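Commentary on secondary and tertiary structure
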Amino acid sequence: APAHPLWPEIERVTLEQLQYARLGVEGGVWQLFAEDGEMKMYKREEEVDGLAVDPLKAVHTVKGVTGREMTHYFFSPDVRFEWETTLEQMKVLETIADDTLVILQIHKRVWPASQRDALFWSHVRRVPNDTDRDAQDIWIACNHSTEHHEAPSNEGKMVRVALTVCLVCQTSIEPPADGGPVTRDHLTCKITYCSVVNPGGWVPTSALRAVYKREYPKFLKRFTQYVKDRCDKQPILF
Ligand SMILES: CCCCCc1ccc(-c2ccc(S(=O)(=O)CCO)cc2)cc1[C@H]1C[C@H]1c1ccccn1
């Protein structure tokens, strides 16, 4: 494993997020707040220092793509502006490895709040499925706020959010009955997207919850559709 000062934290947080995502939405603590076809979005209403920091967990089933493809496009900075509509600027501050980056993102201002930026490490990895041998491996992409000497301190211009986000994907293959080749029609990708965003500075709770209710379903729907479109007619990446 690369000898980088962030590596122990990246390893710990990524595996913690994997366990957190795999807990699903049992326990009755999660409130369903949006549904669209296979996509179900849950939240928990929590406040930290009077700020709404509502953990979010979404589950979705997407046909025709693999978990490797889904997490690849989520991780890749090159395509982020294709699907992230709230992004104004993005800069890769450090390439720690080909699967690990430090990224600074400036998001569009969301009225009535002041503009926000996010500084985080981003990591993607394949995790062998330890419970079900003949299942496909699990793929996880994880973004977690970090410090970085190259990130400009905004001199009060921008408010920095704190976030931990993960996208966990499990691919299933239903092989064709006639023993023919596996095509995208035989693929199903089960997705769990988790996010906890601390807005970093005061936003009226009602306004923030309205933004979450509007932005998160749009974001996950647009992102997953983007991956389906990109993968259509392309060779399958398992
Ligand atoms: C008044 C709003 C204050 C908080 C604004 C804010 C900033 C960043 C983020 C955010 C940052 C990263 C990610 S990601 O999953 O890592 C993908 C890469 O971009 C996801 C969401 C969210 C929000 C909250 C609006 C909410 C919102 C929700 C989904 C989309 C846009 N805005």
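The following paragraphs examine the structure supplied in this document. (Residues numbered from 1 in each chain as written. Predicted model: local features only at pLDDT ≥ 70, side-chain atom pairs only at ≥ 80, totals over all residues. Heavy atoms only, no water.)

**Points about the site of the ligand**
Near the ligand there are 19 residues, and of these Glu 84, Thr 86, Gln 105, Asn 143 and Tyr 193 occur at the shortest range. Separating an oxygen atom of the ligand from a side-chain N or O atom of Tyr 193 is a distance of 2.8 Å. Protein coverage of the free-state accessible area of the ligand, which is 650 Å², stands at 98%. Most atoms of the ligand, that is more than half of them, are within 2 Å of grid points of the largest cavity. The set of elements that each furnish at least two residues to the shell around the ligand consists of α3 (80–83), β7 (100–107), β11 (162–173) and α4 (205–231). With six residues, α4 is the single largest residue contributor to the shell around the ligand. (Near = heavy atom within 4 Å. Polar contact = N/O pair within 3.5 Å; in protein donor to acceptor, adjacent residues only side chain to side chain. Areas by Shrake-Rupley, 256 points an atom, 1.4 Å probe, with all protein chains shown as cover. 1 Å grid on protein atoms, 1.4 Å probe; cavity = no way out; pocket = protein on both sides within 12 Å on 5 of 7 lines; lining within 4 Å. Sits in = over half its atoms within 2 Å of the grid points. Helix = DSSP H or I, 4+ residues; strand = E, 2+ residues; numbered from the N terminus.)

**So, the pairing of strand β1 (residues 31–36)**
Both β1 and strand β2 (residues 39–43) contribute to a ladder of five bridges, which runs antiparallel. Within the sheet, the bridge partner assigned to Glu 35 lies in β2 and is Lys 40. Once β1 ends, the chain turns through two residues before running back antiparallel as β2, passing Gly 37 with a positive phi of about 65°. (Pairing = 2+ DSSP bridges.)

**Things to note about the environment of Val 79**
With respect to the helices, strands and loops of the structure, Val 79 is situated in the loop between α2 (67–75) and α3. Taking the relative accessible area as the measure of exposure, Val 79 reaches 9% and is therefore buried. (Buried < 20%, exposed > 50% of the residue type's maximum accessible area, 1.4 Å probe, protein only.)

**Quick word on the pattern of salt bridges**
Within the structure shown, the criterion is met by 16 salt bridges. Measuring nitrogen to oxygen at the nearest pair gives 3.2 Å for the salt bridge that ties Lys 221 to Asp 36. Taken together, the positions of Lys 221 in helix α4 and Asp 36 in strand β1 put the pair 185 residues apart, joining distant regions of the chain. The exposure class assigned to Asp 36 is partly exposed, which follows from its relative accessible area of 33%. A salt bridge links Glu 215 to Arg 214, with the shortest nitrogen-to-oxygen separation between them at 3.3 Å. (Salt bridge = Lys/Arg side-chain N within 4 Å of Asp/Glu carboxyl O.)

**Notes on the packing of aromatic side chains**
Evaluation of the coordinates by the stated rule reveals 11 aromatic pairs. With 6.3 Å between their ring centres and 70° between their planes, Phe 74 and Tyr 193 make a pair best called edge-to-face. Of the two residues, Phe 74 sits in helix α2 while Tyr 193 sits in strand β12 (residues 187–198), which places them 119 residues apart along the sequence. For the pair Phe 74 and Tyr 193, one class covers both residues: buried. Here Tyr 212 and Tyr 216 contribute two aromatic rings whose centre-to-centre distance is 5.3 Å and whose plane-to-plane angle is 90°, an arrangement assigned as edge-to-face. Linking Tyr 212 with Tyr 216, this pair stays in helix α4, spanning four residues, or about one helical turn. Under the relative-accessibility criterion, Tyr 216 is labelled buried at 10%. Here the aromatic residues Phe 74, Trp 83, Tyr 193, Tyr 212, Tyr 216, Phe 219 and Phe 223 are joined through ring pairs into a cluster of three or more. Directly above the aromatic system of Trp 30 lies the positively charged group of Arg 44, at a separation of 4.8 Å from the ring centroid. Over the ring of Tyr 20 we find Lys 57, and its NZ or CZ is 4.5 Å from the ring centre. (Phe/Tyr/Trp six-rings, centres within 6.5 Å; stacked < 30°, edge-to-face > 60°. Lys NZ or Arg CZ within 6 Å of the ring centre and 35° of its normal.)

**Re empty space enclosed by the protein**
Unoccupied space between atoms shows up once a probe the size of one water molecule is rolled over them. Enumeration over the complete set of coordinates arrives at one cavity of 30 Å³ or more. Estimates place the volume of the largest cavity at around 680 Å³. Lining the largest cavity we find 31 residues, and of these Glu 84, Thr 86, His 107, Val 197 and Tyr 216 sit closest to its centre. Of all the elements in the fold, those that place two or more residues in the lining of the largest cavity are α3, β7, β8 (116–127), β11, β12 and α4. In terms of residues, the lining of the largest cavity owes the most to one element, α4, which gives six residues. (Points joined across faces, edges and corners; volume = space filled by probe spheres on them.)

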